[in-house]
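# Working through the structure, step by step
Chain by chain, the residues run as shown.
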Amino acid sequence: MKKNHRLPAILAFISSLTFSLFCLTGCARTAEPVTETGFYLDTVIQITLYENGNRGECSQRIKECFSLIDKYERMFSATLEGSDVWNINHGKSQEPVVISEETGALLSTALDYAVMTKGIVDPTIRPVSELWDFSSQEEHHVPDNDAITDALAHVSYKNIRFGDALYSEADAVGYNTVILSDPESAIDLGFIAKGYIADKLKEYLLSQGVESACISLGGNVITIGERPDGTPFRIGIQKPFAEGGTTLGTIEIRDLSVVTSGIYERCFYENDVLYHHVLDTATGYPVDNELASVTIICESSTKADALSTSCLCMGLEKGRQYLDREGVEYLLITKDGTQYVSENFPVISESP
C-alpha cells in the first residue's frame with residue numbers, strides 16, 4: 001500500500017510541516033510588526049517588517065518583496081514556461097540561449113558548488129528530478145530504474161557552457177548566454193535558488209532603510225538586524241518527521257540566515273520505504289545516509305542553502321568535515337534523533 005506523505009504546500013504558515021524554520025515575531029516595545037504572507041516558489045512565504053508608525057509603508061515594501069520573488073521565479077523556475085531556466089532546458093542544441101545577468105550569476109554560483117563538491121550537488125540534475133516530480137500534487141511512485149539510469153547519463157555540470165567556453169571556476173563572470181552541450185541535459189536550481197532570492201530580498205529592504213525584518217521562504221529564514229526592543233529574532237527549528245509542525249525549540253539570531261534541509265519535507269512511502277526529494281547524483285535515487293536534517297547558520301542565505309543540501313547528500317562525517325572547512329555554524333540531526341552541533345551554534349531553548 002502506498003502512503004503519500006508529501007506535505008500540502010497550501011496549508012497556513014503556522015501549521016504547515018513544509019516549514020523547517022519559522023520566525024517568532026512576538027511583540028516589540030518600540031514598533032509593532034507588519035506581517036504578510038504569499039504563495040510562491042511552491043511554498044508559503046512570510047515577511048515581517050518593523051516600522052515606527054508607518055504600517056502603510058511597510059505593507060508597500062512587503063508588496064515589492066513579493067514582486068521580486070515573482071520576478072525571480074520567472075527567471076529560475078524549471079517548470080514555468082518562458083523562464084530563463086526553462087528556455088535553457090528547451091533550447092535547440094548548440095544554439096546559445098540569452099539569459100538575464102542574475103540568472104547567469106546564480107547559475108555560476110551553483111556551478112561553483114558543483115565543482116567544490118565534485119558533483120555531489122549538480123544543477124543539471126533536472127533529467128532525474130523530473131522523473132521523481134516531487135513538486136506535483138499527484139500520487140507519487142518510484143520511477144522505472146532504466147529511466148533513472150538513462151537520465152543519469154545526462155547529469156554533468158560540465159555540460160553547461162557560458163558563451164563559447166566550457167565552465168571553469170574562472171569562466172562564468174560576465175556571460176549572458178548559455179549552451180547545454182548535451183541536448184538531453186537540463187538545469188534545476190532548486191538546491192540554491194531560494195537562498196539567492198532571500199539574499200536579494202534582504203538587499204532590497206536594506207536599500208529602503210529597513211533596520212528590522214524577518215523573511216521566511218519555507219526552510220530559509222533571513223533576518224535584518226534585531227527586533228526594535230533590542231532582542232534577537234527567535235527562530236523555531238522543525239523536529240524531523242514530527243506531526244503538527246512540532247519544533248525542537250528555538251534559537252536566537254541577529255542579522256543572519258538560517259536554512260534547514262531535510263528528508264521529511266517532500267516525501268512518500270512505497271512498500272514501506274521512504275523516498276524523499278534530495279537526490280543522489282551518483283544513483284538517481286534519494287540520498288540514503290544517517291542524516292535526517294541539516295541546519296546552517298551564516299550571513300549568506302545562498303551559501304546556507306547550498307551547504308545544507310550538500311551536507312545532507314554527503315552524510316554525517318564527510319558533511320561535518322565540509323562544513324567545518326566552510327566555517328559555518330550547523331546542527332545535524334540523524335535519523336535516530338542524535339544531534340551534532342558546531343562549537344558556536346546557538347543554544348536551543350524550548351519554544352514558548
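Residues numbered from 1 in each chain as written. Predicted model: local features only at pLDDT ≥ 70, side-chain atom pairs only at ≥ 80, totals over all residues. Heavy atoms only, no water.

Further remarks concern the overall build of the protein chain. A count of helical and extended segments in the protein chain gives 8 helices and 17 strands. Among the 352 residues that make up the protein chain, the fraction classed as buried is 55%. Taking all contacts inside the protein chain whose residues are at least 6 apart in sequence as the whole, residues at least 24 apart take part in 64%. Accessible area for the protein chain stands at about 15,500 Å²; split by element, carbon and sulfur atoms hold 47% of it. (Helix = DSSP H or I, 4+ residues; strand = E, 2+ residues; numbered from the N terminus. Buried < 20%, exposed > 50% of the residue type's maximum accessible area, 1.4 Å probe, protein only. Contact = heavy atoms within 4.5 Å. Areas by Shrake-Rupley, 256 points an atom, 1.4 Å probe, with all protein chains shown as cover.)

Bringing the environment of E329 into the picture now. Counting through the fold element by element, E329 comes out in strand 16 (residues 329–334). Expressed as a C-alpha distance, the spacing of E329 and A304, which sit 25 residues apart in the sequence, is 9.6 Å. Contacts of E329, omitting those with residues within four sequence positions, involve T295, I296, I297, S342, E343, N344 and F345.

What follows deals with the pairing of strand 11 (residues 247–253). Among the 7 residues in strand 11, 5 count as buried, and that is most of the element. As judged from the 6 bridges shared by strand 10 (residues 233–238) and strand 11, these two strands associate in the antiparallel manner. Among the inter-strand pairings, G236 is bridged to a residue of strand 11, identified as T250. (Pairing = 2+ DSSP bridges.)

All right, on to unusual backbone geometry then. In this model, D133 sits at a positive phi of 50°, which is unusual for a non-glycine residue. Tracing the chain through its elements places D133 in the loop between helix 4 (126–132) and helix 5 (145–152).

Time to look at the pattern of salt bridges. Summed over the entire model, instances satisfying the criterion amount to 13 salt bridges. Here E57 ties to R61 by a salt bridge, and the two come within 3.1 Å at their closest N and O atoms. Of this pair, E57 and R61 both sit in helix 1 (residues 55–76), 4 residues apart, which is roughly one turn of that helix. Taking relative accessible area as the criterion, E57 reaches 32% and is therefore assigned partly exposed. The exposure class assigned to R61 is buried, which follows from its relative accessible area of 11%. (Salt bridge = Lys/Arg side-chain N within 4 Å of Asp/Glu carboxyl O.)

Another aspect to go through is the packing of aromatic side chains. What the rule picks out here adds up to 12 aromatic pairs. Each ring, one from Y72 and one from Y196, has its centre 6.0 Å from the other, and the planes form 90°; the classification is edge-to-face. Highlighted residues: Y72 in helix 1 and Y196 in helix 6 (residues 193–207), separated in sequence by 124 residues. An identical accessibility class is assigned to Y72 and Y196; each is buried. Residues F268 and Y275 carry aromatic rings whose centres are separated by 5.5 Å and whose planes lie at 25° to one another, so their mutual orientation is stacked. For the pair shown, F268 and Y275 are each scored as buried. An aromatic cluster of three or more residues is present, and its members are W132, F134, F268, Y275 and Y285. (Phe/Tyr/Trp six-rings, centres within 6.5 Å; stacked < 30°, edge-to-face > 60°.)

Right, let's talk about the sheet that holds strand 2 (residues 33–40) for a bit. Taken in spatial order, the 8 strands line up as 2-3-8-9-12-15-16-17 in an open sheet, and their pairing is antiparallel. The open sheet has two edge strands, strand 2 and strand 17 (339–341), and neither has a second partner. Each neighbouring strand pair of the sheet contributes to a mean axis angle of 10°, computed without reference to strand direction. Strand contacts of helix 6: strand 3 (43–50), strand 8 (213–217) and strand 9 (220–224), with the helix running at about 20° to strand 9, the strand carrying the most contacts. The sheet strands contacting helix 7 (residues 301–314) are strand 9, strand 12 (257–262), strand 15 (291–298) and strand 16, and the helix crosses strand 15 at an angle near 155°. (Axes fitted to C-alpha atoms, helices over the stretch in contact; angles between N-to-C directions.)

Once that is clear, we can look at the packing of helix 3 (residues 101–116) against helix 6. One can describe the packing of helix 3 onto helix 6 by two numbers: an axis separation of 11 Å at closest approach and a directional angle of 125°. Here helix 6 runs oblique to helix 3, going by the angle between their axes. Judged by the twist between their axes, the crossing of helix 3 over helix 6 is right-handed. In this structure, helix 3 contributes E102, A105 and L106 to the contact, and helix 6 contributes A193, Y196 and K200. In the contact of helix 3 with helix 6, the residues fall into 4 nonpolar, no polar and 2 charged. (Parallel < 35°, antiparallel > 145°, perpendicular 65-115°, else oblique. Left-handed = near helix turned anticlockwise from the far one by under 90°. Nonpolar A, V, L, I, M, F, W, Y, C, P; charged D, E, K, R; others polar.)

Time to look at the confidence of the model for the protein chain. For the protein chain, the mean per-residue pLDDT works out to 87, and 86% of the residues sit at or above 70. Note on residues 1–20: pLDDT is under 50 here. Beyond four places in sequence and across chains, it has 63 contacts. (pLDDT = per-residue confidence, 0-100.)

Moving on, we come to the pairing of strand 12. Among the 6 residues of strand 12, 6 are classified as buried, and the element is accordingly described as predominantly covered. By the alternation rule, side chains of strand 12 split into S257, V259 and S261 and V258, T260 and G262, which are all buried. In the sheet, strand 9 pairs with strand 12 via 3 bridges, with the strands oriented antiparallel. Bridge pairing in strand 12 links V221 to V258.

On to helix 8 (residues 316–326). Within helix 8, burial applies to L316, G319, Y322 and L323. Buried residues of helix 8 fall within an arc of 135° about the axis and therefore sit on the same side. Of the exposed residues in helix 8, the ones pointing more than 90 degrees away from its buried face are K318, D324 and R325. Turning to helix 8, the residues buried within the fold contact helix 3, strand 15, helix 7, strand 16 and strand 17. (Arc of directions from axis to C-beta.)

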